[in-house]
Amino acid sequence: MDKNWRQTYLRALPGVDAVVTAVKKAVGPVYPHRLLVKPVQRKIDELRRRILQAEDADGLKELDTSPATIAAQVKQELAGISRPSLRRVINATGTVLHTNLGRAQLAQAAVMAIEEAAGYCNLELDLASGQRGSRHTHVEKLLELLTGAEAACVVNNNAAAVLMALNTLAAGKKVVVSRGELVEIGGSFRIPEVMKASGAQLVEVGTTNKTKISDYQQAIDEETALLLKVHTSNYRVVGFTESVDVAELTKIAHEANIPVMEDLGSGLLLDLSAFGLEKEPLVGERLAAGVDVLTLSGDKLLGGPQAGIILGKRRFIEQIKKNQLLRAMRPDKVTLAALEATLRVYLLGEPLREIPVLAMLTMPPATLKRRAEALAEKLKEQTQNLEIAVREDVSFVGGGAMPLTRLPTYVVALRPRHQPLAVWVEKLRLGEPSLVGRVQEDWLLLDPRTIAEAEEEEVVKCLM
Ligand SMILES: *Cc1c(COP(=O)(O)O)cnc(C)c1O
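So, here's what we can say about the structure. What you see is a predicted model; the values in this text were computed from it and never measured. (Residues numbered from 1 in each chain as written. Predicted model: local features only at pLDDT ≥ 70, side-chain atom pairs only at ≥ 80, totals over all residues. Heavy atoms only, no water.)

**Considering the side chain of D263**
Thinking step 1. Inspection of the secondary structure assignment puts D263 in strand β8 (residues 260-265).
Thinking step 2. No salt bridge is formed by the buried D263. Its closest oppositely charged neighbour is K300, at 7.1 Å.
Thinking step 3. There is a polar contact of 2.9 Å between the side chain of D263 and the side chain of N158.
Thinking step 4. Within the structure, the side chain of D263 is placed 3.1 Å from the side chain of T295, a separation counted as a polar contact.
Thinking step 5. Contacts of D263, omitting those with residues within four sequence positions, involve N158, V162, F189, I191, L228, K229, V230, H231 and T295. (Helix = DSSP H or I, 4+ residues; strand = E, 2+ residues; numbered from the N terminus. Buried < 20%, exposed > 50% of the residue type's maximum accessible area, 1.4 Å probe, protein only. Lys, Arg positive; Asp, Glu negative; His and termini not counted. Salt bridge = Lys/Arg side-chain N within 4 Å of Asp/Glu carboxyl O. Polar contact = N/O pair within 3.5 Å; in protein donor to acceptor, adjacent residues only side chain to side chain. Contact = heavy atoms within 4.5 Å.)

In structure tokens form, the structure reads like this:
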């Protein structure tokens, strides 16, 4: 190469038009012209920069500036636009409330309700009177019937529910919380930070492992607006510990004329301890114990859409509904439709069968064993390329709920014979549909607990 190597390379760069033409030839008439120019320009600019920054000609030996090569790169980039970014994933991890995979899988009834509500619906029209209605009415009655709450209000998620309740009931005043309950939930929800954002002042009492009723009593003064209890959803303080029972807490709060709020996190409506799950506080029990305002998530153990549910005494809920901030956090029609349908299953249907989260959490080990063995058999019939075994293992609840629960399960353990495991796992993840399992010591584990029975055929296809 002559000493003007840099000029030679720069002169060899194709023009934008030539590359655009090459892209059109490669992809056909799929994309409008205006969508092609920018990415082509960007690729050429990038090549020019590399030429200008190269130390010597050797550094550019591999550089391919042909229109066809640039066109191929642009084609790949464009494929990302035409394919949905949000795609279906078959969850074979066994983690039921998988945060990265969208937490709760919705009930069939909820899916149908979403479709119904997607067009026009009576979101804010009272059909009986023809007058303007409130979007909150669609779920309020159901929530009251299911939990015994006097009133209810729904927002976008539980973080918003906590923020709304604190802002309404305690802005500019003090809120007393146990040091053992200053939780952080994944995705940076931290009680002290939420408290600050709400305008309330945090008063910490007790120690990390022990908080006594006298700690709360001593902290109460004329500026105290609220005693807050936070469920330690995703961790447990074990050993030498003490915390105050809600019934006791509401007793001293009510004597001082102060309400008690509890952030319950997961909203469990049914006791699942008979199925080997940790004993979790039930929504109805907490309200019966005297909690004045209770907040919970729609898409954790409740098994519904992402939502924050605020339940409690009517006068507090009414105050929250009058707060201007509510407008910024109100749920849309699709969420309300899914939530209403989910709640109706609890009230009128068979929740353990129809709410996927509950069905998965309570699936008997014998069923899991049968399903794992059937899947393994099918795979053995269809391929020689995999090592296949069925093993006992455990599934997790996930979503920051019941952190100690290990649900006995059976998994199909797979290992490709002719390619590295990591390469195969990536291929499955990028497939259509995407299949995500659990990688453990050179094996890919598929847990039938979180695979719908209707997905089993597809799983086999994905693995071929
Ligand atoms: C999960 C959780 C939250 C946050 O709920 P989102 O619905 O995810 O906003 C808040 N508090 C507790 C105790 C939780 O477990």
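**As for the pairing of strand β9 (residues 293-297)**
Thinking step 1. Of all five residues in β9, five are buried; the element is thus mostly enclosed.
Thinking step 2. Of the two faces of β9, the one carrying V293, T295 and S297 and the one carrying L294 and L296 are both buried.
Thinking step 3. Judged from the four bridges that link them, β8 and β9 form a sheet pairing that is parallel. If you follow D263 over to β9, its bridge partner there is T295.
Thinking step 4. Pairing of β9 with strand β10 (residues 308-312) involves five bridges; the strand directions are antiparallel. Pairing of S297 across the sheet is with G308, part of β10. (Pairing = 2+ DSSP bridges.)

**Considerations on the site of the ligand**
Thinking step 1. Contacts to the ligand come from R103, N157, N158, A159, I185, F189, H231, S233, D263, G265, S297 and K300.
Thinking step 2. One of the backbone N or O atoms of A159 is found 2.9 Å from an oxygen atom in the ligand.
Thinking step 3. Here K300 contributes a side-chain N or O atom positioned 2.7 Å from an oxygen atom of the ligand.
Thinking step 4. In isolation the ligand has 380 Å² of accessible area, and contact with the protein removes 94% of it.
Thinking step 5. Taken together, the elements giving at least two residues each to the shell around the ligand come down to α7 (158-170) and β8.
Thinking step 6. Here the residues of the shell around the ligand are counted per class, giving three nonpolar, six polar and three charged. (Near = heavy atom within 4 Å. Areas by Shrake-Rupley, 256 points an atom, 1.4 Å probe, with all protein chains shown as cover. Nonpolar A, V, L, I, M, F, W, Y, C, P; charged D, E, K, R; others polar.)

**Quick look at the side chain of D447**
Thinking step 1. Mapped onto the elements, D447 comes out in the loop between β15 (443-446) and α19 (456-463).
Thinking step 2. Although D447 is buried, it makes no salt bridge; R438 carries the closest opposite charge, 4.5 Å away.
Thinking step 3. Within the structure, the side chain of D447 is placed 2.8 Å from the side chain of S395, a separation counted as a polar contact.
Thinking step 4. A distance of 3.0 Å separates a polar atom in the side chain of D447 from a polar atom in the side chain of T409.
Thinking step 5. Once residues within four sequence positions are removed from consideration, D447 is found in contact with A92, T93, G94, L368, V394, S395, T409, Y410, V411 and R438.

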